[in-house]
Amino acid sequence: MVNASEDSRKAGKPFAAVVLPLTRRPGGDRPYFYRVPPDLAGRLQVGSPVEVPLRAGRTRGWVVALLDACPVADVKEITRVLADVPAFNAELYSLAKWIAGTYLCPLGAVLRALGPAWLGRPSAGAVRRAVRLAVSPAAAQQSRKALAGRAPQQAKVLDALLAGGPGVPLDVRALGVDRRVLQRLSERGLVKLEEEAVDAPAPAEGEREGPALRLNREQEAALAAVRQALEAGRFATFLLHGVTGSGKTEVYLRAIAAAVALGKQAIFLVPEIALTPQMVASLRGRFGSEVAVLHSRLSPQERSRAWQRLAQGEASVAVGARSGIFAPVPRLGLIVMDEEQESSYKQEVVPRYHAREAVLKRAQLASAVVLLGSATPSLESYYRAERGLYRLLRLPARADGRPLPSVRVVDMRQELREGNPALLSRYLTERLSAALARGEQALLFLNRRGYHAFLVCRHCGAALRCRACDITLTYHREGPALRCHYCGFSLAAAPPCPACGAEAWLGLGSGTERVEGEIRRYWPRARVLRLDADAVRRRGAHEEVYAAFREGEADILVGTQMAAKGFHFPRLTLVGVVNADVTLNLPDFRARERTFQLLAQVAGRAGRGERPGEVIVQTFFPEDYSIQAARDHDYLSFYRREMRQRQRLGYPPFTRLVLLVVSAPAAEKAKEAATALGRLLVQEKLPGTMVLGPAPAPLSRLENRYRYQLILKGDAGGRLRQMVRQALAAWRPGREIRLAIDVDPIFML
Ligand code: ADP
Ligand code: ZN
């Protein structure tokens, strides 16, 4: 941060450059210049959030430089400073500029993502905003039906409140809807909004656990390499490739301890805080009050306080998901990124950055060490390790010496041929019965929630689709029957077929609700829990399900990928993958990579206790190499096959991609604008690049907007970005047109 002598030097500067988050266009946010009024001199620094006059009104932005002279004449004065705590320091400002340039997004949007910008002083106590039903459940149910078509967001809130039970308040932030949605419900008299003061839980003090384990040889070697780099104080990146249960966590924890011992701070990134309670508990156990947990459910005040503890060095370890990369630690020594292959590290709204790349940049700026860890590294990372850009560290076996679980693949085509059309094969049924008889636990994994994936008309064959999106509605038994998993539109019951008027639907494709139903039918006495986004809508529900299963209060856990990650259930011996093809069949060049990763991850849950584990994978594509490699626990064979495929087709990591999606309420307009943009891109085309499209996006309509996509491919990201910048400078789209720019996209639908 800024030290005292620098402070006094800047105190006198009469001008400030201020970035205002005004534009949606990348590169369009050059700073505006203002005079610093005498009463603010000395209170401003880089990162200070300020209010400034703009045209007739006022707006807010951040100081990015203090200047002796001003490049433009006649500037106005800054109106006021919004917080004495700067929103970012010089290092984070450099990172923000890098993100804006790399991902072609407005600098203002990145700065906004950096932290608690205009919150003022963090208060000691925090306030939690809650919402509860103001009417009877029956009345709410009725209003819900009336709202379902017109106001799906409002209906969604009512659903959540109804699911939570009468009188139970829900945390506003956990609902993830705009405040206006709640306001409207409140105006209708359906809900009551309240604020309750909560005291941020005081971090546990004193009861730190010492590292009791003796590291094995591979762990020791990995730690030694990281420690050496920390001591050298230079930028370095390690990729820790360790099978599930190989003791990566212990290496992370000791590497962090080594950084802290050197007087440095560390950032620990996990894919999702809520899905990694054990990891957070380990960190708290080891580092006590030195840990600041940054999760999305913190109130602005709690967040601000955590920010300040890190900025002032009171806390040395920041734990967070993707945005934890912006933790304002001034003495950064180490960044650990667990499960580096996870797609949740890529942000899917502006700024569309990838946290893994931002980690590398930030570490470079701070001369810090990066430790990426995974059982199934992304192809991008492993390729970099192969080329010597990262140092590869290996943990090839489970730390406790137990074997990896045996994996058996069941060919569902044969199952059908032999007369079993059921969801569960005979083999899985048999093994499940045996596990239950032995009093052991089982996990049934299916990466799709709901009961049926979609409904088709028995008369004309049309599928029932969302009104606003080109997506089939998922059929649920609990809550509203038909739901768009994209926009939240829902219907209480299936309408007549919009194509032919018939009222005879056939449900196809199975989700977790159906698996749960089948289990209750076959094993009526087995205790079943479900873990998916529907089952854990209520705050805290996730932890409850997880704890209940761990405590042995259920025999079978049915879940989506939420249940596949990071957990350690000692009594779990059987894992059944109900349908591996859900991810395999997605129209995406990463479908196989995702399938392999998910299978390895879910298989890793089995046999982590005394008894050996068994994994059964059901599929219609048993010869696919992603499934065979997962069966053999053979990352390298998967990597080699998949790399050959990517090279042949010209996909990452051999090329870079930029995805441009042009959308508009009218299909014709979207197509025209995309065509015009495509023409400009072709005009700006540089050697070694390709412009593909425009073509309708695989999801051709979302939330009432038609979508056309262009894909740029090339060997070098810089050229692709230059083409986009040049083309955008000349592109004149109509007012209703929107453009989404995604550099190095992860989801291409
Ligand atoms: P990973 O993160 O690689 O999947 P974990 O870190 O969860 O693996 O470790 C799996 C188990 O092995 C944990 O219960 C952990 O306590 C244990 N473990 C880790 N290191 C050692 C060691 N050196 N000796 C014995 N057990 C270990
Ligand atoms: Zn929809």
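Bear in mind the structure is a predicted one, so any value in this text is a computation, not a measurement.

Draft legend 1. Molecular detail of the overall build of the chain. Looking only at helices and strands, one finds 23 helices and 30 strands in the chain. Against the compact-globule benchmark of 27 Å for 749 residues, the chain has a radius of gyration of 27 Å, which places it among compact chains. Considering only C-alpha atoms, the chain reaches an extent of 85 × 65 × 60 Å along its principal axes. For the chain, with 749 residues in total, the buried portion stands at 53%. Restricting to contacts in the chain with at least 6 residues of sequence separation, those with at least 24 account for 75%. Summed over its atoms, the accessible surface of the chain is roughly 32500 Å², and 49% of this surface lies on carbon and sulfur atoms. Mean positive and mean negative side-chain charge positions of the chain (108 and 74 charges, respectively) differ by 4 Å.

Draft legend 2. Highlighting the side chain of E339. As for its position among the elements, E339 is in the loop between β13 (332-337) and α12 (355-366). Buried and without a salt bridge, E339 has R605 as its closest oppositely charged side chain, separated by 5.5 Å. When sequence neighbours within four positions are dropped, the list of residues in contact with E339 reads P271, Y345, G373 and Q601.

Draft legend 3. Spotlight on the pairing of strand β17 (residues 441-445). The buried fraction of β17 amounts to five of the five residues, a majority that puts the element mostly inside the structure. Both faces of β17 are covered, namely the face carrying Q441, L443 and F445 and the face carrying A442 and L444. Relative to strand β25 (residues 572-577), β17 runs parallel, the two sharing five bridges. Among the inter-strand pairings, Q441 is bridged to a residue of β25, identified as L572.

Draft legend 4. Spatial organisation of the site of ligand 1. In the vicinity of ligand 1 lie 14 residues, with R214, Q219, G245, K248 and T249 positioned nearest. Contact distances for ligand 1 include 2.6 Å between an oxygen atom and a backbone N or O atom of G245. The separation between an oxygen atom of ligand 1 and a polar main-chain atom of G247 is 3.1 Å. Contact with the protein chains removes 72% of the 560 Å² of surface that ligand 1 exposes when unbound. Residues of the shell around ligand 1, tallied by class, amount to four nonpolar, seven polar and three charged.

Draft legend 5. The arrangement of the nonpolar core in detail. Counting 113 residues, the largest nonpolar core has F88, L111 and L681 as the members making the most contacts within it. Apart from the residues lying within four places of it in its own chain, the contact partners of F88 are V46, G47, W62, V63, V64, Y93, L111 and L114. Grouped together as the second largest cluster of nonpolar side chains are 34 residues, V226, A229, V251 and F287 included.

Draft legend 6. Here's a closer look at the coordination of the zinc ion (ligand 2). Around the zinc ion (ligand 2), the donor atoms from the protein are C466 (SG), C469 (SG), C484 (SG) and C487 (SG), and they sit 2.3 to 2.4 Å away. In this structure, the zinc ion (ligand 2) is coordinated by four donor atoms arranged in tetrahedral fashion, with angles at the metal of 105 to 113°. In primary-sequence terms, the residues that donate to the zinc ion (ligand 2) follow C-x2-C-x14-C-x2-C.

Draft legend 7. Looking closely at the state of the cysteines. In total, this model carries zero disulfides according to the counting rule given. A disulfide-free cysteine, C500 has its sulfur positioned 3.6 Å from the sulfur of C457, the nearest such atom. By relative accessible area, which is 34% here, C500 ends up partly exposed.

Draft legend 8. Quick look at the sheet that holds strand β3 (residues 49-54). The strand order β2-β1-β4-β3-β5 describes an open sheet built from five strands, whose pairing is antiparallel. What marks the edges here is a single partner per strand, and that holds for β2 (32-35) and β5 (80-81). As paired elements, β3 and β5 share two bridges and run antiparallel to each other. Among the inter-strand pairings, E51 is bridged to a residue of β5, identified as R80.

Draft legend 9. A look at the environment of M643. Here M643 lies in helix α21 (residues 635-649). Note on M643: relative accessible area 7%, which makes it buried. In sequence terms M643 and L379 are 264 residues apart; their C-alpha atoms lie 7.6 Å from each other. Setting aside residues up to four positions removed in sequence, M643 forms contacts with L379, Y383, P653 and F654.

Draft legend 10. A look at the packing of helix α2 (residues 90-102) against helix α3 (residues 107-114). Direction vectors running N to C along α2 and α3 enclose 135°, while the axes themselves pass 9 Å from each other. Between α2 and α3, the angle is such that the two are oblique. Once α2 is placed against α3, the crossing between them reads as right-handed. Mapping the contact onto sequence places L92, Y93, A96, K97, I99 and A100 in α2 and L107, V110, L111 and L114 in α3. Here the contact of α2 with α3 is built from residues that sort into nine nonpolar, no polar and one charged.

Draft legend 11. The arrangement of the confidence of the model for the chain in detail. For the chain, the average pLDDT comes to 88, and 92% of its residues sit at 70 or higher. Long-range and interchain partners of residues 1-10, a stretch whose pLDDT sits below 50, account for seven contacts in this model, where long-range means more than four residues apart. Considering only residues more than four positions removed or in separate chains, one finds that residues 196-207, a stretch of pLDDT under 50, has 19 contacts.

Draft legend 12. Spatial organisation of the side chain of T583. By the element assignment, T583 lies in helix α18 (residues 581-584). Apart from residues lying up to four places away in sequence, T583 is in contact with N447, A591, T595 and L598.

Draft legend 13. Quick look at a nonpolar patch on the surface. Taken together, the side chains of L416, F620 and F621 present a nonpolar region at the surface, about 250 Å² in accessible area. Structurally, F620 is set in the loop between β26 (614-619) and α20 (625-631).

Draft legend 14. Looking closely at the sheet that holds strand β28 (residues 689-702). Reading across the sheet, the four strands line up as β28-β29-β27-β30 and stay open at both edges, with antiparallel pairing between neighbours. Of all the strands in the sheet, the pair left with one neighbour each is β28 and β30 (738-743). If you compare each strand with its neighbour and ignore which way they point, the axes differ by 20° on average. Sheet analysis places β28 next to strand β29 (residues 705-714), joined by eight bridges and oriented antiparallel. Its bridge partner lying in β29, L692 is registered against I711. Packing against the sheet, helix α23 (residues 717-730) makes contact with β27 (656-664), β28, β29 and β30, and its axis sits at approximately 25° to β27.

Rules and cut-offs
- Sequence positions are assigned chain by chain, starting from 1 and proceeding in written order.
- Working convention: letters from A go to chains and numbers from 1 go to ligands, in the order in which they are written.
- With pLDDT at 70 or above as the cut-off, local features in this predicted model cover only qualifying residues; side-chain atom pairs require 80 or more to be listed or tallied, and sums for whole chains, interfaces and linings still use all residues.
- Only heavy atoms go into the side-chain values, all of them from the structure, while hydrogens and water stay out.
- Helix and strand definitions follow DSSP, with helices as H or I runs of at least four residues and strands as E runs of at least two, each counted in order from the N terminus.
- As defined in this context, the radius of gyration uses C-alpha atoms, and a globule is described by 2.2 Å times the residue total to the power 0.38.
- Three labels apply to residues, based on accessible area from a 1.4 Å probe with only protein chains included: buried if under 20% of the type maximum, exposed if over 50%, partly exposed otherwise in between.
- By definition, residues are in contact when any of their heavy atoms lie within 4.5 Å.
- Only the protein chains shown count as cover for residues, and all accessible areas are computed by the Shrake-Rupley method using a 1.4 Å probe.
- Just so you know, the count uses Lys and Arg for positive and Asp and Glu for negative, and it drops His and the chain ends.
- To locate a charge, the coordinates of NZ of Lys, CZ of Arg, CG of Asp or CD of Glu are taken.
- The salt bridge definition used is simple: a Lys or Arg side-chain nitrogen within 4 Å of an Asp or Glu carboxyl oxygen.
- In short, DSSP must find at least two bridges between two strands for them to pair.
- Here, proximity means that at least one heavy atom of the residue falls within 4 Å of the molecule or strand.
- For this analysis, a polar contact is any N or O atom pair within 3.5 Å, provided that within protein one partner can donate a hydrogen and the other can accept it, and provided that sequence-adjacent residues contribute only side-chain to side-chain pairs.
- Throughout this entry, Asp, Glu, Lys and Arg are counted as charged residues, while Ala, Val, Leu, Ile, Met, Phe, Trp, Tyr, Cys and Pro are counted as nonpolar. The remaining residues, Gly among them, count as polar.
- What we call a nonpolar core is a set of buried Ala, Val, Leu, Ile, Met, Phe, Trp, Tyr and Cys residues that are connected through their side-chain atoms within 4.5 Å.
- Metal donors: N, O and S atoms at distances within 2.8 Å, or within 3.2 Å for Na, K and Ca, with water omitted from the atom set so that some sites may seem incomplete.
- Just to be clear on the cut-offs, tetrahedral is four donors with all angles between 85 and 135 degrees, square planar is four donors and octahedral six with opposite donors over 155 degrees apart and all others between 65 and 115, and anything else goes down as irregular.
- Sulfur atoms of two cysteines make up a disulfide when they are within 2.5 Å.
- Fitting a line to C-alpha atoms yields each axis, with helices limited to the stretch in contact; the angle taken between N-to-C directions then spans 0 to 180 degrees.
- By the definition adopted for this analysis, an angle is roughly parallel if under 35 degrees, roughly antiparallel if over 145, roughly perpendicular if from 65 to 115, and oblique otherwise.
- Handedness of each helix crossing follows the sense of rotation of the near helix against the far helix: counterclockwise by less than a right angle gives left-handed, clockwise gives right-handed.
- Values of pLDDT, ranging from 0 to 100, describe the predictor's confidence in every residue of the model.
- Put simply, a patch holds well-exposed residues, over 30% relative accessible area, that have no salt bridge, with like charges counted together within 9 Å and Val, Leu, Ile, Met, Phe, Trp or Tyr side chains within 5 Å.

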